[in-house]
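Structure at a glance
Take a look at the letters that make up each chain.
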Amino acid sequence: MADYHCPNYNDCKFVNSNIIVANTEKKENYLSDYCQKEKNHWSQCKRYITKASLNFCPDFVLPDTPLTPEEIIDKFDNEIF
Ligand code: SF4
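The present account deals with the structure reproduced in this document. Computed from a predicted structure; not experimentally measured.

**Description of the pattern of salt bridges**
- By the definition in use, this model includes one salt bridge.
- Note that K13 and D59 form a salt bridge whose closest N and O atoms lie 2.9 Å from each other. Taken together, the positions of K13 in helix α1 (residues 13-16) and D59 in the loop between α3 (46-54) and α4 (69-80) put the pair 46 residues apart, joining distant regions of the chain.
- Overall, D59 belongs to the partly exposed group, its relative accessible area being 36%.

**Considerations on the site of the ligand**
- Taken together, C6, N8, Y9, C12, F14, V15, C35, W42, C45, R47 and Y48 make up the full set of residues adjacent to the ligand.
- Of the pockets mapped on this structure, the ligand occupies the largest pocket.
- Each residue belonging to the shell around the ligand can be placed in one class, and the counts come to nine nonpolar, one polar and one charged.

**Digging into the side chain of S17**
- As for its placement among the helices and strands, S17 is situated in the loop between α1 and α2 (24-35).
- Residue classification places S17 among the buried residues on the basis of a relative accessible area of 18%.
- Among the polar contacts listed, one links the side chain of S17 to the backbone oxygen of K13, at a separation of 2.8 Å.

**Things to note about the packing of aromatic side chains**
- In the structure shown here, the tally under the stated rule is four aromatic pairs.
- With a centroid separation of 5.0 Å and 65° between ring planes, the pair formed by W42 and Y48 is classed as edge-to-face.
- Ring geometry for F56 versus F76: centroids 5.1 Å apart, planes at 65°, classification edge-to-face. Taken as a pair, F56 in the loop between α3 and α4 and F76 in helix α4 lie far apart in primary sequence, 20 residues in all.
- Given a relative accessible area of 28%, F56 falls into the partly exposed group.
- Looking at F76, the relative accessible area reads 24%, which means it is partly exposed.
- Geometry around F14 places K27 over its ring, the cationic atom sitting 6.0 Å from the centre.
- Directly above the aromatic system of F60 lies the positively charged group of K75, at a separation of 4.5 Å from the ring centroid.

**Overview of the layout of surface pockets**
- Empty space within the largest pocket amounts to approximately 210 Å³.
- Around the largest pocket, the lining comprises 16 residues; the ones closest to its centre are N8, C12, K13, R47 and K51.
- At the level of elements, α1, α2 and α3 are the ones that each hand at least two residues to the lining of the largest pocket.

Cut-offs and rules
Residues numbered from 1 in each chain as written. Predicted model: local features only at pLDDT ≥ 70, side-chain atom pairs only at ≥ 80, totals over all residues. Heavy atoms only, no water. Salt bridge = Lys/Arg side-chain N within 4 Å of Asp/Glu carboxyl O. Helix = DSSP H or I, 4+ residues; strand = E, 2+ residues; numbered from the N terminus. Buried < 20%, exposed > 50% of the residue type's maximum accessible area, 1.4 Å probe, protein only. Near = heavy atom within 4 Å. 1 Å grid on protein atoms, 1.4 Å probe; cavity = no way out; pocket = protein on both sides within 12 Å on 5 of 7 lines; lining within 4 Å. Sits in = over half its atoms within 2 Å of the grid points. Nonpolar A, V, L, I, M, F, W, Y, C, P; charged D, E, K, R; others polar. Polar contact = N/O pair within 3.5 Å; in protein donor to acceptor, adjacent residues only side chain to side chain. Phe/Tyr/Trp six-rings, centres within 6.5 Å; stacked < 30°, edge-to-face > 60°. Lys NZ or Arg CZ within 6 Å of the ring centre and 35° of its normal. Points joined across faces, edges and corners; volume = space filled by probe spheres on them.

Structure representation (structure tokens):
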């Protein structure tokens with residue numbers, strides 16, 4: 001594994017399952033655009049930002065989700081309750 005992979009790579013549900021994105025081509029694009037991209041591009045991933053901010057990341061969050069972590073937790077709470 002190249003050393004520019006996201007620090008969450010080994011544990012990220014997006015990478016390690018097809019639950020978050022089932023479409024293989026779409027998933028591969030996200031992997032190359034965020035998870036495996038040089039210059040720490042993973043730091044721009046909304047799943048990375050959300051986990052760093054909230055200490056978890058809901059399944060509906062994609063690397064390019066436009067919501068803020070605050071909006072994500074609100075949406076998560078509204079889906080649960
Ligand atoms: S870049 Fe985002 S989706 Fe990829 S491994 Fe890191 S947190 Fe997960």
